[in-house]
Amino acid sequence: MKAIGAKPNKRRDGSDVYTVPVLSDPNTGALVTDSLEIACYLEKTYPEKPIFPNNSEPMIRVFDSAYMSLILPSFKPMLPRTIEILSPASPKFFIGTLSVDVPFPLDVNFDAEWKLLEKGYNTAYKWYQKTDGKWIMGSTFSYADIIVDCLHANEC
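About the thresholds
Residues numbered from 1 in each chain as written. Predicted model: local features only at pLDDT ≥ 70, side-chain atom pairs only at ≥ 80, totals over all residues. Heavy atoms only, no water. Helix = DSSP H or I, 4+ residues; strand = E, 2+ residues; numbered from the N terminus. Buried < 20%, exposed > 50% of the residue type's maximum accessible area, 1.4 Å probe, protein only. Contact = heavy atoms within 4.5 Å. Areas by Shrake-Rupley, 256 points an atom, 1.4 Å probe, with all protein chains shown as cover. Lys, Arg positive; Asp, Glu negative; His and termini not counted. Charge placed at Lys NZ, Arg CZ, Asp CG, Glu CD. Core = buried A, V, L, I, M, F, W, Y, C linked by side-chain atoms within 4.5 Å. Phe/Tyr/Trp six-rings, centres within 6.5 Å; stacked < 30°, edge-to-face > 60°.

## Some thoughts on the overall build of the chain
Right, on to step 1. A tally of helices and strands in the chain yields 6 helices and 4 strands.
Right, on to step 2. Taken along its principal axes, the extent of the C-alpha atoms in the chain is 50 × 45 × 25 Å.
Right, on to step 3. Counting all 156 residues of the chain, 28% fall into the buried class.
Right, on to step 4. A separation threshold of at least 6 residues defines the contact pool for the chain, and within that pool the share at least 24 residues apart is 48%.
Right, on to step 5. A total accessible area of about 10400 Å² is found for the chain, and carbon and sulfur atoms account for 59% of it.
Right, on to step 6. Across the chain, the mean location of the 16 positive side-chain charges is 3 Å away from that of the 19 negative side-chain charges.

Structure below.
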């Protein structure tokens, strides 16, 4: 990503990390990283089909942070299996890269982690139940619904 001029994201320790996705817009020449920033860029550049309806971008940024804090801890049990199935040369790099954000060695308690995941999804379910439609904003689809669906799809 660095070679194409993409901007790095910042880790908790302040170091740079290059991630996907990256959007290269041939119409404007823009190069945008990070899913939420890509969505904001698309909203501003191509407003015909809004995903931040009613000026909801600030609220959806808060939703993104809240939802991630509920769901991300449950990803921990997947890491040992990921390490097991990597090619022999990859675990050292994977652990070195990930250890900036996740403490190693991993102490995984599957029952506790499952309860964390269940709590996270139950909380999100309650949020949806408080709306008057099938989306987090009631009858209006928004980027908040994309956040929930994408994380769920990655866990399946």
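## What to know about the nonpolar core
Right, on to step 1. Among the nonpolar cores identified, the biggest contains 17 residues, and Phe52, Ile60, Phe63, Tyr67, Tyr143 and Ile147 are the most heavily contacted of them.
Right, on to step 2. Going through the elements one at a time, helix H1 (35–45), helix H2 (57–71), helix H5 (110–129) and helix H6 (143–155) are the ones with two or more residues in this core.
Right, on to step 3. In terms of residues, this core owes the most to one element, H2, which gives 5 residues.
Right, on to step 4. What Phe63 contacts, discounting residues up to four positions off in sequence, is Trp127, Ile136, Ala144, Ile147 and Val148.

## What about the packing of aromatic side chains?
Right, on to step 1. Within the structure shown, the criterion is met by 4 aromatic pairs.
Right, on to step 2. Ring geometry for Phe63 against Tyr67: centres 5.9 Å apart, planes inclined by 5 degrees, an arrangement best described as stacked. With Phe63 and Tyr67 both in helix H2 and 4 residues apart, the pair spans about one turn of that helix. Take Phe63 and Tyr67: they sit in the same class, and that class is buried.
Right, on to step 3. Every member of this aromatic cluster is reached through a ring pair, and the members are Phe63, Tyr67 and Trp127.

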